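If you want the building blocks of each chain, they are given just below.
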Amino acid sequence: MRFGLVGLGMMGRHHARILTGASEVDFVGAYDPIGDRHGAMSGGRMFSDLDALLGEDLEAAIVAVPTAEHRDLALRMADLDIHTLIEKPLADSVPHAEEIRSGFDRTTAIGAVGHVERFNPALQELKKRLDAGDLGRVISISTERVGPFPNRIQDVGVVKDLATHDIDIAMWIGDSEVSDVSGQLAHKMGRPHEDLVVATGRLANDIVVSFNVNWLTPVKRRSVSVLGEKGAFVADMLSGDLSFFANAEVTSQWDTLAQMRGVSEGDMIRYAFPKREPLAVEHEAFRAAITNGEAEGVVTLEQGVKILEVAEAMIGAPA
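Residues numbered from 1 in each chain as written. Predicted model: local features only at pLDDT ≥ 70, side-chain atom pairs only at ≥ 80, totals over all residues. Heavy atoms only, no water.

Participant: Pulling in residues and values, what's your account of the overall build of the protein chain?
Facilitator: When its secondary structure is counted, the protein chain shows 9 helices and 15 strands. Against the globule reference of 20 Å for 319 residues, the protein chain gives a C-alpha radius of gyration of 21 Å, in line with a compact fold. With 319 residues in all, the protein chain has 53% of them scored as buried. Look at the contacts in the protein chain between residues 6 or more apart in sequence, and 68% of them connect residues 24 or more apart. In the form shown here, the protein chain has an accessible surface area of approximately 14700 Å², with 49% of it arising from carbon and sulfur atoms. (Helix = DSSP H or I, 4+ residues; strand = E, 2+ residues; numbered from the N terminus. Rg over C-alpha atoms; globule rule 2.2 N^0.38 Å. Buried < 20%, exposed > 50% of the residue type's maximum accessible area, 1.4 Å probe, protein only. Contact = heavy atoms within 4.5 Å. Areas by Shrake-Rupley, 256 points an atom, 1.4 Å probe, with all protein chains shown as cover.)

Participant: I'd like to hear about the packing of helix H4 (residues 94-105) against helix H9 (residues 301-315), residue by residue, with values.
Facilitator: Put simply, H4 and H9 touch, their axes get as near as 9 Å, and they point 175° apart. The orientation of H4 relative to H9 falls into the category roughly antiparallel. Contacts from Val 94, Ala 97, Glu 98, Ile 100, Arg 101 and Phe 104 in H4 reach Leu 301, Glu 302, Val 305, Leu 308, Glu 309 and Glu 312 in H9. When its residues are assigned to classes, the contact of H4 with H9 shows 7 nonpolar, no polar and 5 charged. (Axes fitted to C-alpha atoms, helices over the stretch in contact; angles between N-to-C directions. Parallel < 35°, antiparallel > 145°, perpendicular 65-115°, else oblique. Nonpolar A, V, L, I, M, F, W, Y, C, P; charged D, E, K, R; others polar.)

Participant: Provide a residue-level description of the environment of Gly 9, including the pertinent values.
Facilitator: In this fold, Gly 9 is placed in the loop between strand E1 (2-6) and helix H1 (12-21). You can call Gly 9 buried: its relative accessible area is 10%. In the structure, Gly 9 is positioned 29 residues away from His 38 in sequence and 7.5 Å away in space, judged by C-alpha atoms. With near-sequence residues (within four places) excluded, Gly 9 lies in contact with Asp 32, Arg 37 and His 38.

Participant: Report on the environment of Gly 35, specifying residues and quantitative values.
Facilitator: Looking at where Gly 35 falls in the secondary structure, it is placed in the loop between strand E2 (26-31) and strand E3 (45-47). Between the C-alpha atom of Gly 35 and that of Leu 8, which follows or precedes it by 27 residues, the distance is 7.6 Å. If we skip the residues at most four places from it in the chain, Gly 35 touches Leu 8 and Met 46.

Participant: Before we move on, can you summarise the packing of aromatic side chains with the specific residues and values?
Facilitator: Within this structure, the stated rule accounts for 4 aromatic pairs. A centroid spacing of 5.1 Å and a plane angle of 75° characterise the contact between Phe 149 and Trp 215, whose relative ring orientation is edge-to-face. In this pair, Phe 149 is assigned in the loop between strand E7 (138-148) and helix H6 (158-174) and Trp 215 in the loop between strand E10 (208-214) and strand E11 (216-228), connecting sequence segments 66 residues apart. Classification of Phe 149 by relative accessible area gives partly exposed; the value is 23%. On the basis of an interplanar angle of 50° and a centroid distance of 6.3 Å, the ring pair of Phe 233 and Tyr 271 is categorised as tilted. Taken as a pair, Phe 233 in strand E12 (residues 231-236) and Tyr 271 in the loop between strand E14 (265-270) and helix H8 (278-292) lie far apart in primary sequence, 38 residues in all. Phe 233 gets classed as buried once you look at its relative accessible area, which sits at 0%. Feature note: the residues Phe 233, Phe 244 and Tyr 271 constitute an aromatic cluster, connected by ring pairs. The ring of Phe 273 has Lys 275 lying over it, and the distance from NZ or CZ to the ring centre is 5.6 Å. (Phe/Tyr/Trp six-rings, centres within 6.5 Å; stacked < 30°, edge-to-face > 60°. Lys NZ or Arg CZ within 6 Å of the ring centre and 35° of its normal.)

Participant: Describe the nonpolar core, with residues and values.
Facilitator: Among the nonpolar cores identified, the biggest contains 70 residues, and Leu 126, Val 224, Val 226 and Met 314 are the most heavily contacted of them. No other element matches H6, which puts 10 residues into this core. In this view, Val 224 contacts Leu 123, Leu 126, Ile 141, Ser 142, Thr 143, Ile 169, Ile 173, Phe 233, Val 234, Ala 235 and Met 237; residues no more than four positions away in its chain are not counted. Listed in part, the 24 residues of the second largest apolar core include Leu 8, Ala 112, Ala 289 and Ile 290. (Core = buried A, V, L, I, M, F, W, Y, C linked by side-chain atoms within 4.5 Å.)

Participant: Talk me through the side chain of Thr 217; I want residue IDs and the actual numbers.
Facilitator: When you line up the elements, Thr 217 lands in strand E11. Aside from chain neighbours lying at most four places away, what touches Thr 217 is Val 146, Gly 147 and Pro 148.

Participant: Help me get a handle on the packing of H6 against H9, residues and values and all.
Facilitator: It is at 9 Å that the axes of H6 and H9 come closest, and there the two elements cross at 120°. The angle between the axes of H6 and H9 places the two elements in the oblique class. The handedness of the crossing between H6 and H9 comes out as right-handed. Judged by residue contacts, Val 159, Lys 160, Ala 163, Thr 164, Ile 167, Asp 168 and Met 171 of H6 engage Lys 306, Ile 307, Leu 308, Val 310, Ala 311, Glu 312, Met 314 and Ile 315 from H9. Of the residues assigned to the contact of H6 with H9, the class counts are 10 nonpolar, 1 polar and 4 charged. (Left-handed = near helix turned anticlockwise from the far one by under 90°.)

Here it is in structure tokens:
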């Protein structure tokens, strides 16, 4: 499968590494207007011109350019009938995201969005166990994604850069779209975009969701907690660990304590399961979607639009 890559920045260099090492891929090469500044190109050609790369009869491509450039480049890929994985967020605005979706609707090419956190081993295992009913009815999903500011981000705030991951995760593991959401924002770094959001909402199936996301915390944390009838799952996305905190089978005989706790404490389990690099798993899912001719197992363009709609609702952008 002949692949090209546009953009060799923070994410693009990792895409180059995955494409170089994948035996199922003929990595034709990459284009970036300022070259290979990270020394990522150990395989494939470095193109000095985008047209030259696109003229190489590509079957598929990865778009890893700044968010503001997604629309024009994605529409060009659609016009050339090239299967395209577009780094998240899908676009810098909902109208631009809708244009991308419509562009791919007019072609046979598969379009997908690179929300790589969905392929984190802890979340993959969590989703599998939720689908098996291990937690019973899900009550709430809460996420925490905090840490220092990455200087690579210039064109969007923390909601579109980071919280979009958590919006996707909540809708994916909750099997439902967000029906309502509101966010509290903070601007502390003197940038035009927000650097903190605390948001709450609800999925259409009545699961309560909450998101705590910022660039202001001096320690990096990435976690998802899912509360259900039988206890709670806690996924640590930095370590890839998944733990289960069970409600005890035996209820407390001390009525006052039982009322205070609401449930009784049970066993805690940290699961052992295979852990693979999320980006490699995402690439495999994208190639499988191309082979099968259906956008299953990936974040679809329709989902990418929905994620941006929720993100803009958090920010308070006009509909």
